[in-house]
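Next come the chains, spelled out residue by residue.
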Amino acid sequence: MAGGHANAIRSFIACQRAKQINAVAIAPKPDAPAAETSWEFPLAEVDSLWDLRWSNIAERFGIASGNSLLHLHSVNRRYAPLLADLRRARVPYVMTSHGQLGFQNPWRWLQKFVYLRLVNRDPIHASGLHLLTRFAERRMRYLFPGYQEPTMVQGNLVNVPNLADLPTASKSDYALPEDAFVLVFLGRLDVWVKGLDILVEAFSCLPSDRSHLVLVGPDWQNGRAKLEQLGDRFGCKDRMRFTGPLYGATKWSVLRMADLFVSPSRWEAFSIAQAEAMAIGLPVVTTTKVSLALELRNADAALLIPPRAELLAKALTTLEADAEQRQTLGKRGKAWMESNCDPARAGDRFLEFYQSVLERNQAAKG
């Protein structure tokens, strides 16, 4: 069950159904009319998550308690009436945390600790928790001391198309010189959270005019205008390109065109764009503040730097000058992604996790 549109959980549903789990989906109707989509699984779109009840879900999909559970793909107050209903019916539910159960400092820990005890106790009562990173798993224990239910760490999944069937974008299509060294960012243009102000300042410090920065993604709170102003201020605007959001084959073709993927976020739960870059062997530079930092450091799968312009500029300069280091970093990133974001492996993990939750629930019923 998605708090947002069902596309967010398409890969999770698909990998579970491949393991003979009868996974079905519920999602709120999108705000704007969407293009006609062919789903590979049963999907019910609802007007409001507030109005959901277990009896309606069971009737809609023809499922019964005893061998069923609900997986809520977010921590969301709109689930509260449904979850109270599930507890009365003794149907287990598990929740996915997209950063909601992590924290960066003691003040944020205190805020979340109080919230989860006085405002929203639904995660505490969950029969299991799905966390995207080891960082979130470790921090969760400080929010829920003594939590004994099953937990699973499984990051977002990446479905990589057959790259042999996809072209690499031509640099000329984006007004780039053929000898350009291309840095790419992919994501919404959220200047503060994504650290794009740091990126533009660092980019302006690179010693070679051969480097160009391509920013792929939708505008966010006038982010493009802010970045263009920064480009003017630092004298690098003429080497910056804004493509807007790109999807499908076009997105993959731009990633294949790039020499380096840069994601200097001040906070990030689990970046799908970064995982997609790793999936094709593109070397990644990100920060020590993302939730994946510990895992990426242990695997040496990305270059991690504190979110400071001068340090980022130094890292980018070093990688631009060292093709062998870029290649090695790209190979390690790809290997990490295949071990942690591969849908086939994730299906087995979900199966084991769900079985554990259902067995504990049956034992508790006596």
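This structure is a prediction, so every number in the text was calculated from the model and none was measured.

### Examining helix α1 (residues 10-17)
An α-helical turn contains 3.6 residues, so a residue and the one three or four places further along point in the same direction.
In step 1: Along α1, the positions that sit buried rather than exposed are S11, F12, I13, C15 and Q16.
In step 2: Buried positions along α1 lie against β1 (25-28), β5 (128-131) and α13 (343-365).

### What to know about the pattern of salt bridges
In step 1: Taken as a whole and assessed by the stated rule, the structure comprises 18 salt bridges.
In step 2: Where R210 meets E320, a salt bridge forms, and the shortest distance between an N and an O atom there is 3.9 Å. Note that R210 is positioned in the loop between α6 (196-204) and β8 (211-216) and E320 in helix α11 (residues 309-321), a separation of 110 residues in sequence.
In step 3: Assessed through its relative accessible area of 35%, R210 is described here as partly exposed.
In step 4: The partner of R308 in a salt bridge is E310, with the nearest N and O atoms 2.7 Å apart.
In step 5: Judged by its relative accessible area of 44%, R308 is partly exposed.
In step 6: Note on E310: relative accessible area 46%, which makes it partly exposed.
In step 7: Three or more residues joined by partner-sharing salt bridges are found here, namely R77, R87 and D122.

### Concerning the packing of aromatic side chains
In step 1: On inspection of all chains with the given rule, the structure shows six aromatic pairs.
In step 2: Here F12 and F350 contribute two aromatic rings whose centre-to-centre distance is 5.4 Å and whose plane-to-plane angle is 85°, an arrangement assigned as edge-to-face. You can see F12 sitting in helix α1 and its partner F350 sitting in helix α13, a full 338 residues away along the chain.
In step 3: Relative accessible area serves as the criterion here: at 6%, F12 is assigned to the buried category.
In step 4: Judged by centre distance (5.8 Å) and plane angle (40°), the ring pair of F350 and Y354 falls under tilted. Of this pair, F350 and Y354 both sit in helix α13, separated by four residues, roughly a single helical turn.
In step 5: Given a relative accessible area of 8%, Y354 falls into the buried group.
In step 6: Ring pairs connect the aromatic residues F12, F350, F353 and Y354, which therefore count as one cluster.
In step 7: For the cation-ring pair, R188 lies above W220, with the distance from its terminal atom to the ring centre recorded as 5.0 Å.
In step 8: One cation-aromatic arrangement involves R266 over W192; the distance from NZ or CZ to the ring centre is 3.5 Å.

### A few points about the nonpolar core
In step 1: Residues V184, V254, L255, F261, L282, L296 and W336 are the most contacted members of the largest nonpolar core, which totals 38 residues.
In step 2: Counting only elements with at least two residues in this core, the list comes to β7 (181-186), β8, α8 (248-257), α9 (272-279), α10 (293-299) and α12 (323-340).
In step 3: Apart from the residues within four sequence positions on either side, V254 is in contact with A169, Y174, V184, V216 and L246.
In step 4: Among the nonpolar cores identified, the runner-up in size contains 31 residues, and L52, L83, L101 and L116 belong to it.

### Details of the sheet that holds strand β3 (residues 70-72)
In step 1: Strand order in the open sheet made by the four strands is β3-β4-β5-β6, with parallel pairing throughout. Taken across any chain shown, the strands that pair with only one partner, and hence form the sheet edges, are β3 and β6 (151-153). Mean inter-strand twist for the sheet, computed between neighbouring axes without regard to direction, equals 20°.
In step 2: In the sheet, β5 pairs with β6 via three bridges, with the strands oriented parallel. Paired with L129 across the bridge in β6 is T151.
In step 3: Across the sheet, helix α5 (residues 134-143) is in contact with β5 and β6; its angle to β6 comes to roughly 150°.

### Points about α5
In step 1: Along α5, the positions that sit buried rather than exposed are F135, A136, E137, M140 and L143.
In step 2: Of the surrounding elements, those touching the buried residues of α5 are α4 (106-118), β5, β6 and α10.

### Some thoughts on the environment of V285
In step 1: Relative to the helices and strands, V285 is located in strand β11 (residues 284-287).
In step 2: Judged by relative accessible area, V285 falls into the buried class, the value being 1%.
In step 3: Here the alpha-carbon distance between V285 and P264, two residues 21 residues apart in the chain, equals 7.3 Å.
In step 4: Discounting chain neighbours no more than four positions away, the residues touching V285 are L260, F261, V262, S263, L303, I305, L312, L316 and L319.

### A few points about the side chain of H130
In step 1: Within the secondary structure, H130 sits in strand β5.
In step 2: Here the side chain of H130 touches T96 through a polar contact of 2.7 Å, side chain to side chain.
In step 3: Reaching out from H130, the side chain makes a polar contact with the backbone oxygen of Q154 at a distance of 2.7 Å.
In step 4: Beyond its immediate sequence surroundings of up to four residues, H130 is in contact with F12, H71, M95, T96, S97, M152, Q154, F350 and F353.

Analysis parameters
Numbering of residues starts from 1 in each chain and follows the order in which that chain's sequence is written. In keeping with the model being predicted, local features are shown solely for residues with a pLDDT of at least 70 and side-chain atom pairs are shown and tallied solely at 80 or more, while totals for entire chains, interfaces and linings include all residues. Heavy atoms from the whole structure form the basis of all side-chain values; hydrogens and water molecules are not counted. Residue exposure (1.4 Å probe, protein chains only): buried if accessible area is under 20% of the type maximum, exposed if over 50%, otherwise partly exposed. Here a strand is any run of E in DSSP of at least two residues, a helix any run of H or I of at least four, and the numbering for each starts at the N terminus. For this analysis, residues touch if any pair of their heavy atoms sits within 4.5 Å. Salt bridge, as used here: a side-chain nitrogen of Lys or Arg that lies within 4 Å of a carboxyl oxygen of Asp or Glu. Under the pairing criterion, centres of Phe, Tyr and Trp rings, with the six-membered ring standing for Trp, must be within 6.5 Å; the plane angle then separates stacked pairs below 30 degrees from edge-to-face pairs above 60, leaving the rest tilted. The criterion for a charge sitting over a ring is simple: Lys NZ or Arg CZ within 6 Å of the ring centre, and within 35 degrees of the ring normal. Nonpolar core, defined: a set of buried Ala, Val, Leu, Ile, Met, Phe, Trp, Tyr and Cys residues in which side-chain atoms within 4.5 Å join the residues together. DSSP-based pairing: two strands are paired if at least 2 bridges between them are found. Axis lines are fitted through C-alpha atoms, for helices just across the contact stretch, and the angle between N-to-C directions can take any value from 0 to 180 degrees. Think of a polar contact as two N or O atoms within 3.5 Å of one another; within protein, one of them needs to be a possible hydrogen donor and the other a possible acceptor, and neighboring residues in sequence only count if both atoms come from side chains.

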